[in-house]
Amino acid sequence: MHRKCAALVDLDAIRANYALACRLAPESRTIAVIKADAYGHGAVDVAHALRGTAPAFAVAIIDEALELRKAGINKPLLVMEGVNSISALECAAEQKLAVVVHNDKQLDDLQRARLPAPVSVWLKVDTGMHRLGLAPDDVAGAVSQLRASENCKDSIVVCTHLASADVPGSAFTRQQLDVFDSCVAGMDVQQSISNSGGILACPASHRDWNRPGYMLYGITPFSDEVASASELRPAMTLQSEVIAIREVAASESVGYGGRWTASSAATIATVAIGYADGYPRHAPNGTPTMVNGCVAPLAGVVSMDLITIDVTGIEGVRIGDIVTLWGEGLSVNTIANAADTIGYELLTGVTSRVPRISRDSSSNQQ
């Protein structure tokens with residue numbers, strides 16, 4: 001690798017974060033969410049890292065599930081958006097995929113299809129997020145239809161999604177739980193509610209199946225400190241290298257549009273990363289990076305392939321030095337807050353020209 005821009009992925013950290021999710025909800029089974037290429041961390045590598053402990057994995061769309069099957073991942077896979085045609089349903093049955101059913105068309109397709117084998121079904125109920133899911137009053141009838149269908153396995157899971165789980169103690173979360181509990185009362189079905197926020201801060205949402213995503217990658221979903229999230233270990237370190245250093249006199253500007261101007265003599269380092277790599281274009285002056293263990297703030301507009309940082313006063317900075325954009329000691333949430341976005345977007349937005357280098361002590365993989 002000639003360019004040192006890379007996303008280093010710590011698979012040991014992901015295993016530790018998964019173990020934390022299990023420890024916080026010991027009565028639940030924990031399905032590892034590895035959609036969007038495991039939030040940018042590499043779904044195949046993450047699946048291999050967790051296949052000895054996770055009973056199942058979840059993805060968003062059927063194409064993600066098929067990529068995992070092609071890579072030899074034979075664990076149960078849940079497609080959380082479900083499928084939208086009978087041909088896709090047939091494919092799901094052939095590949096032994098579980099599917100979420102969240103609308104009447106999907107329910108009807110299950111009745112009409114001639115599948116080579118029955119599929120596992122997760123029936124989604126809309127408890128107030130108003131994004132996906134059947135109305136609560138329609139769930140009992142849908143469960144009856146599924147149980148009468150030879151295309152559906154007996155073990156039905158009824159699930160919902162929390163809209164405000166990142167706000168501990170949210171009244172809206174409590175409202176969603178009340179709607180869900182009323183909906184499934186008396187039904188002999190498995191249940192699933194908790195996402196990362198629910199696992200970490202809402203024990204009442206822990207059910208038969210929990211679905212951690214963001215927390216697996218070591219990032220807290222909360223804006224304030226929550227004790228249970230303090231054990232999370234960041235799994236991705238995005239780094240690059242210094243490729244140029246120059247002295248800038250007072251009143252001279254740096255980069256496109258001269259957005260940053262030196263108030264006094266400064267030393268500027270140019271780093272080989274930009275928005276084409278997934279570093280946020282809207283990161284403002286002052287957004288922190290780390291070089292030689294010191295904070296070096298962004299100085300100038302993020303361009304396609306490069307950023308410039310102020311290394312004034314940091315001793316010994318040289319061409320070739322490694323710069324950390326986020327990771328251990330510099331949370332991706334810090335960068336996201338500076339750029340007026342969320343860590344989820346930054347992690348999933350690291351582009352394909354940035355190699356993922358997985359590190360795994362159990363296999364010495366690098």
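Everything below is about the structure printed above this text.
Cut-off values and rules
Residues numbered from 1 in each chain as written. Predicted model: local features only at pLDDT ≥ 70, side-chain atom pairs only at ≥ 80, totals over all residues. Heavy atoms only, no water. 1 Å grid on protein atoms, 1.4 Å probe; cavity = no way out; pocket = protein on both sides within 12 Å on 5 of 7 lines; lining within 4 Å. Points joined across faces, edges and corners; volume = space filled by probe spheres on them. Helix = DSSP H or I, 4+ residues; strand = E, 2+ residues; numbered from the N terminus. Nonpolar A, V, L, I, M, F, W, Y, C, P; charged D, E, K, R; others polar. Core = buried A, V, L, I, M, F, W, Y, C linked by side-chain atoms within 4.5 Å. Buried < 20%, exposed > 50% of the residue type's maximum accessible area, 1.4 Å probe, protein only. Contact = heavy atoms within 4.5 Å. Salt bridge = Lys/Arg side-chain N within 4 Å of Asp/Glu carboxyl O.

## Observations regarding the layout of surface pockets
Each pocket or cavity is described by its volume, and for the largest pocket that value is around 1,000 Å³. Lys35, Tyr39, His161, Asn195 and Tyr344 are, among the 40 residues lining the largest pocket, the residues nearest its centre. Elements supplying a minimum of two residues to the lining of the largest pocket: helix H2 (35–40), strand S7 (121–124), helix H9 (196–201), helix H10 (332–338) and helix H11 (343–349). Sorting elements by how many residues they give to the lining of the largest pocket places H11 first, with 4 residues. Here the residues of the lining of the largest pocket are counted per class, giving 21 nonpolar, 12 polar and 7 charged. Size it by volume and the second largest pocket reaches roughly 340 Å³. At the level of elements, strand S5 (77–79), helix H5 (86–94), strand S6 (97–101) and S7 are the ones that each hand at least two residues to the lining of the second largest pocket.

## What about the nonpolar core?
Side chains of a nonpolar character, in soluble globular proteins, are inclined to be buried together. Core analysis: the biggest nonpolar cluster contains 105 residues, and Ile34, Phe57, Tyr279, Ile307, Ile309 and Trp326 have the highest contact counts within it. Apart from the residues within four sequence positions on either side, tyrosine 279 is in contact with Ile273, Gly274, Thr287, Thr289, Val302, Ile307, Leu325, Trp326 and Ile335. Membership of the second largest hydrophobic core comes to 9 residues, among which are Ala21, Ile199, Met215 and Ala229.

## A word on empty space enclosed by the protein
Enumeration according to the criterion identifies 3 cavities of 30 Å³ or more in this entry. In this structure, the largest cavity occupies an estimated 50 Å³ of space. Forming the boundary of the largest cavity are Val83, Ser85, Leu89, Val99, Val100, Val101, Gln106 and Asp109. Of all the secondary structure elements, the ones that give two or more residues to the lining of the largest cavity are S6 and helix H6 (104–112). The element contributing the most residues to the lining of the largest cavity is S6, with 3 residues. Of the voids in this model, the second largest cavity is the one considered here, and its volume is about 50 Å³.

## Remarks on the pattern of salt bridges
In total, this model carries 12 salt bridges according to the counting rule given. The closest approach of N and O atoms between aspartate 10 and arginine 233, which form a salt bridge, is 3.7 Å. A residue pair is termed long-range when its members are at least 10 positions apart, and aspartate 10 in strand S1 (residues 6–10) and arginine 233 in the loop between strand S10 (209–210) and strand S11 (236–248) qualify at 223 residues. One salt bridge in this structure joins arginine 353 and aspartate 277, with 2.6 Å as the shortest N-O distance. Taken together, the positions of arginine 353 in the loop between H11 and strand S19 (356–359) and aspartate 277 in the loop between strand S14 (266–271) and strand S15 (288–291) put the pair 76 residues apart, joining distant regions of the chain. Assessed through its relative accessible area of 40%, arginine 353 is described here as partly exposed.

Purely spatial values, then, with no claim about function.
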